[in-house]
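One-letter residues, chain by chain:
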Amino acid sequence: MLTVLRVHLPSEIPVVGCEITPYVLLRRPDNSIVTEDVPESAPLDGYFIRYKWYRIQSDKKVAVCSVHPTEFATLQCLGCLKAKYLNAVNENGAEEEELFGRFGSSGSGVINTGLSVSTSNLGHSPGLTNGPVPLYPLSSERNSGETWFEVGRSRTYTPTADDIAHVLKFECVVVDAETRIPVGAVNSIMTSRVIPAPSPSPRRMIQVNSVDVLGHLDSESRTSTFTVLSYNILADTYATSDVYSYCPSWALSWPYRRQNLLREIINYHADIICLQEVQSDHFDEFFAPELDKHGYQALYKKRTSEVYTGNPQSIDGCATFFRRERFSHVKKYEVEFNKAAQSLTEAVIATGQKKVALSRLIKDNIALIAVLEAKFGNSGGDNPGKRQLLCVANTHVNVHPDLKDVKLWQVHTLLKGLEKIAVSADIPMLVCGDFNALPGSAPHSLLAMGKVDQLHPDLAIDPLGILRPASKLTHQLPLVSAYSSFARGVGFGLEQQRRRIDPATNEPLFTNCTRDFIGTLDYIFYTADSLTVESLLELLDEESLRKDTALPSPEWSSDHIALLAEFRCKPRIRR
């Protein structure tokens, strides 16, 4: 008959709003070992598995620390606590309101990416259910000052705000489908105490091209502008405890990270979203349907798989989303650098070197290019009736740091493709993504300057001769990095942001921050002849990030930070 062999939890700490799906190992009647569910609606040889979840409430009240949610709260004088933070303000030069932002409500111009601990917001994850539950909680047992309340009747449970500081208990048992009587022993396991989802400090939009210092993001105040988000969300397949040992395992788990990432992304209210490292199964099963509920249409391009040997569903790629009310989809282009590598090898590599060349060049990277049409009022100039198009490129150039020639070649290949689109249409362009290229590197120089100095040290690495002559490494797109506007802009709050900009390159000091590396790899480039930057999402401070841990962390669920820019189309001039 059907037998439960083992039950254990995927994470040691349950978090409000993040589903828990216990691992249940079953032995089927044919003696095969499986983890698939056997629900009441589809019994196996007359038996099914019944699940129940309980909240264990003790008569002893337990408070959870609001700063360190995995620890119990202790009593501290608020005056001393504030004095401690004010000393930090004086030392670091940071603003008091930023340090205390996580403890209070955010004012105008603040994007609150925190996870509100309220029953209405955090009761259930989108699209999930805790199963049929009685209209009132069932007290199943009271012992030694503890009361068990039934809270769910499905294998998966999503902790609610009511569960905070309480232990949960999961039970499963084999049940006879005919008599509805349990057969054999009840298997159970208990969690640690449920904690509220950690809340990151809010990030402001900072105006760089206006006297408006509040940086509003509501759609009514920016009918003629649009916002673009670029974010490497860290694919689950790469988010291992071996690599990110400093991040708690519960905060590294995908059920937690996906909800945290979704809330962060939604709260940016971007009109266009460019995500990198989106696994194909996570796009289909989570991001596309969830963002669809918020009015976004989705485009996706999975990385090619000539090098990758793992689970096909775990292959990541680039996903571009746009608000249906603001843009419509016109055309989609897909760039597969593997195909470009094969064409290049056939054209310029000697026969005896083709295999070696392909081994070096083929890295499964892709780019997703979308042509969109704006639905909001265009800046028509002398052509008010002309369609306002926009070209958005989204890429992840995932190449080993030693292969500088391959990285530069892929960026050059993408830019030459975008040039062809620009020639065919008078269209503003955005080039977003994780380029794995530091400011001042050859790929960054090519993007930002339109060329690479022939004496650049990166050009010394070119065993296949694919970069010669160096004079060909150019493009005609007037691209400018959006975040360099912090160095040029005039307005309130810019001085603090300039301290987070490298004065030598006018780029952020970092967009990627781990224990082993800190630097800028992500960019939003735009064509300066057709677009202007109105505001930018403020940069994070390295010291505040590294005070407790690097990225990812319980507050921020990727090792990269999100970049967000607000643009305005320049008026066209009829030629």
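As a reminder, the structure under discussion sits directly above these lines.
Note that the coordinates shown come from a computational prediction; the quantities given were computed from them, not determined experimentally. (Residues numbered from 1 in each chain as written. Predicted model: local features only at pLDDT ≥ 70, side-chain atom pairs only at ≥ 80, totals over all residues. Heavy atoms only, no water.)

1. Here's the deal with the sheet that holds strand S24 (residues 522–527)
Piece 1. The six strands are arranged S15-S16-S17-S18-S24-S19 in an open sheet whose pairing can be described as mixed. The sheet terminates laterally at strand S15 (327–336) and strand S19 (479–481), the two strands that pair on one side only. Adjacent strand axes in the sheet meet at a mean angle of 20 degrees when their direction is disregarded.
Piece 2. Of the strands in this sheet, S15, strand S16 (366–374) and strand S17 (389–396) are in contact with helix H7 (residues 337–348), which crosses S15 at around 45 degrees.
Piece 3. The sheet contacts of helix H9 (residues 404–424) involve S15, S16, S17, strand S18 (429–434) and S19, and relative to S18 the element is tilted by about 160 degrees. (Pairing = 2+ DSSP bridges. Helix = DSSP H or I, 4+ residues; strand = E, 2+ residues; numbered from the N terminus. Axes fitted to C-alpha atoms, helices over the stretch in contact; angles between N-to-C directions. Contact = heavy atoms within 4.5 Å.)

2. Concerning the packing of aromatic side chains
In this description, an aromatic ring pair is defined by two values, namely the gap between the centres and the angle between the planes.
Piece 1. For the coordinates displayed, the defined rule picks out 19 aromatic pairs.
Piece 2. A ring pair is formed by Tyr 51 and Phe 170, whose centres lie 5.8 Å apart and whose planes are at 20 degrees; its orientation type is stacked. Taken together, the residues Tyr 51 in strand S4 (residues 47–58) and Phe 170 in strand S8 (residues 167–176) connect sequence positions 119 residues apart.
Piece 3. On the basis of relative accessibility, which here comes to 0%, the residue Phe 170 falls in the buried class.
Piece 4. Taken together through their ring pairs, the aromatic side chains of Phe 226, Phe 327, Phe 376, Tyr 526 and Phe 567 make up a single cluster. (Phe/Tyr/Trp six-rings, centres within 6.5 Å; stacked < 30°, edge-to-face > 60°. Buried < 20%, exposed > 50% of the residue type's maximum accessible area, 1.4 Å probe, protein only.)

3. Concerning the sheet that holds strand S2 (residues 23–27)
Piece 1. Pairing in this open sheet of three strands is antiparallel, and the strands run S1-S2-S3 from one edge to the other. Among the strands making up the open sheet, the edge pair consists of strand S1 (3–8) and strand S3 (33–34).
Piece 2. Of the pairings in the sheet, the one linking S2 to S3 comprises two bridges and is antiparallel in character. Residue pairing for S3: Leu 26 is matched across the bridge by Val 34.

4. Points about the side chain of Asp 281
Piece 1. Take Asp 281: it is sitting in helix H6 (residues 280–292).
Piece 2. With no salt bridge to any partner, buried Asp 281 finds its closest opposite charge in Arg 258, at an N-O distance of 9.0 Å.
Piece 3. With near-sequence residues (within four places) excluded, Asp 281 lies in contact with Phe 286 and Gln 313. (Lys, Arg positive; Asp, Glu negative; His and termini not counted. Salt bridge = Lys/Arg side-chain N within 4 Å of Asp/Glu carboxyl O.)

5. Some remarks on the side chain of Asp 176
Piece 1. Mapped onto the elements, Asp 176 comes out in strand S8.
Piece 2. A distance of 3.2 Å separates a polar atom in the side chain of Asp 176 from the backbone nitrogen of Thr 179.
Piece 3. Those residues in contact with Asp 176 that lie beyond four places of it in its chain are Gly 46, Tyr 47, Phe 48, Ile 181 and Val 183. (Polar contact = N/O pair within 3.5 Å; in protein donor to acceptor, adjacent residues only side chain to side chain.)

6. As for unusual backbone geometry
Piece 1. In this structure, Pro 469 follows Arg 468 across a cis peptide bond, with omega equal to -5 degrees.
Piece 2. Cis geometry is found at the peptide bond from Leu 551 to Pro 552, where omega equals 0 degrees.
Piece 3. Within the fold, Pro 552 resides in the loop between helix H13 (542–546) and strand S26 (563–569).
Piece 4. We note that His 269 has phi near 55 degrees; this positive angle belongs to a residue other than glycine.
Piece 5. Residue classification places His 269 among the partly exposed positions, given a relative accessible area of 37%.
Piece 6. A positive phi angle is found at Asn 506, which is not glycine, with a value near 60 degrees.
Piece 7. Turning to its location among the elements, Asn 506 is positioned in the loop between strand S20 (501–502) and strand S21 (507–508).
Piece 8. For Asn 506, a relative accessible area of 28% corresponds to the partly exposed category.

7. So, the pattern of salt bridges
Piece 1. A complete count under the given rule lists 20 salt bridges for this structure.
Piece 2. With a shortest N-O distance of 2.9 Å, Arg 258 and Glu 19 are connected by a salt bridge. Of this pair, Arg 258 sits in helix H5 (residues 254–268) while Glu 19 sits in the loop between S1 and S2, and the two are 239 residues apart along the sequence.
Piece 3. Judged by its relative accessible area of 17%, Glu 19 falls in the buried class.
Piece 4. Notably, a salt bridge pairs Glu 336 with Lys 301, separated by 2.5 Å at the nearest N-O pair. Placement of the pair is Glu 336 in strand S15 and Lys 301 in strand S13 (residues 296–302), with a sequence separation of 35 residues.
Piece 5. Since its relative accessible area comes to 9%, Lys 301 is described here as buried.
Piece 6. One network of salt bridges, in which partners are shared, links Lys 301, Lys 332, Glu 334, Glu 336 and Lys 339.

8. What about the packing of H7 against helix H8 (residues 354–361)?
Piece 1. Taken N-terminus to C-terminus, the directions of H7 and H8 make an angle of 155 degrees; their axes are 10 Å apart at the nearest point. Between H7 and H8, the interaxial angle falls into the category roughly antiparallel. The element H7 and its partner H8 pack so that their crossing is right-handed. Contact with H7, carried on its side by Ala 341, Gln 342, Leu 344, Thr 345 and Glu 346, involves Lys 354, Ala 357, Leu 358 and Leu 361 of H8 and no other residues of that element. (Parallel < 35°, antiparallel > 145°, perpendicular 65-115°, else oblique. Left-handed = near helix turned anticlockwise from the far one by under 90°.)

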